[in-house]
Amino acid sequence: MNWLDDIRWDDQGLVPVIAQEVGTGDVLMFAWMNREALARTAELGEAVYWSRSRQRLWHKGEESGHTQKVHDIRLDCDNDVVLIKVEQLGHEPGIACHTGRHSCFFQRHDNGRWAAVDPVLKDPQNIYK
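Just so it is clear, the model here is predicted, and its values are computed rather than measured. (Residues numbered from 1 in each chain as written. Predicted model: local features only at pLDDT ≥ 70, side-chain atom pairs only at ≥ 80, totals over all residues. Heavy atoms only, no water.)

Caption draft 1: Structural detail: the environment of D80. Relative to the assigned elements, D80 resides in the loop between β5 (68-75) and β6 (82-88). For D80, a relative accessible area of 24% gives the class partly exposed. (Helix = DSSP H or I, 4+ residues; strand = E, 2+ residues; numbered from the N terminus. Buried < 20%, exposed > 50% of the residue type's maximum accessible area, 1.4 Å probe, protein only.)

Have a look at this one:
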């Protein structure tokens, strides 16, 4: 049996994926993968996601150069969420978010509003050309 058959794919053939930094434990981002994206991630050792907005495979860093080297791929107890432990490459410190921040989870709830609490490490206009 193919290891991909063990995953509980949603009705669109996708599974949610959490990217966690291997060194710090920081949650960098949340994305989606289809079978091909997960198979290519395992094969390449770099994160490949399914972009719902572009409706195509998205090799993380293909435009920005901020790739994710995969160290570990895990599946949760219900077989419906994937966790990948990655090393964020391309900038020091690593930039995973399209806003130029380390993590996509940079907003914190504060007295009924969302406040950006992590700095922009690199201006997105200098990342995406």
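Caption draft 2: Looking closely at the side chain of H102. Position of H102 among the secondary structure elements: in the loop between β6 and β7 (107-110). Polar contacts involving the side chain of H102 include one to the side chain of D26, which spans 3.1 Å. Not counting chain neighbours up to four residues away, the residues in contact with H102 comprise E21, D26, L28, G94, I95, A96, C97 and L121. (Polar contact = N/O pair within 3.5 Å; in protein donor to acceptor, adjacent residues only side chain to side chain. Contact = heavy atoms within 4.5 Å.)

Caption draft 3: Examining the pairing of strand β4 (residues 56-59) more closely. In this sheet, β4 lies alongside strand β3 (residues 48-51) in antiparallel orientation, the contact comprising four bridges. Bridge pairing links V48 to H59 in β4. Here β3 folds back onto β4, and the loop between the two strands holds four residues, one of which, Q55, carries a positive phi near 55 degrees. (Pairing = 2+ DSSP bridges.)

Caption draft 4: Up close: the packing of aromatic side chains. A full pass over the atoms with the stated rule returns two aromatic pairs. Between F30 and W32, the aromatic rings sit 5.4 Å apart at their centres with planes inclined by 80 degrees, giving edge-to-face as the arrangement. Using a relative accessible area of 43% as the deciding quantity, one classes F30 as partly exposed. When the centroid spacing of 5.3 Å and the interplanar angle of 40 degrees are considered together, the rings of Y49 and W58 count as tilted. In this structure, R101 packs its charged tip against the face of F106, placed 3.9 Å from the ring centre. (Phe/Tyr/Trp six-rings, centres within 6.5 Å; stacked < 30°, edge-to-face > 60°. Lys NZ or Arg CZ within 6 Å of the ring centre and 35° of its normal.)

Geometry only, nothing functional implied.
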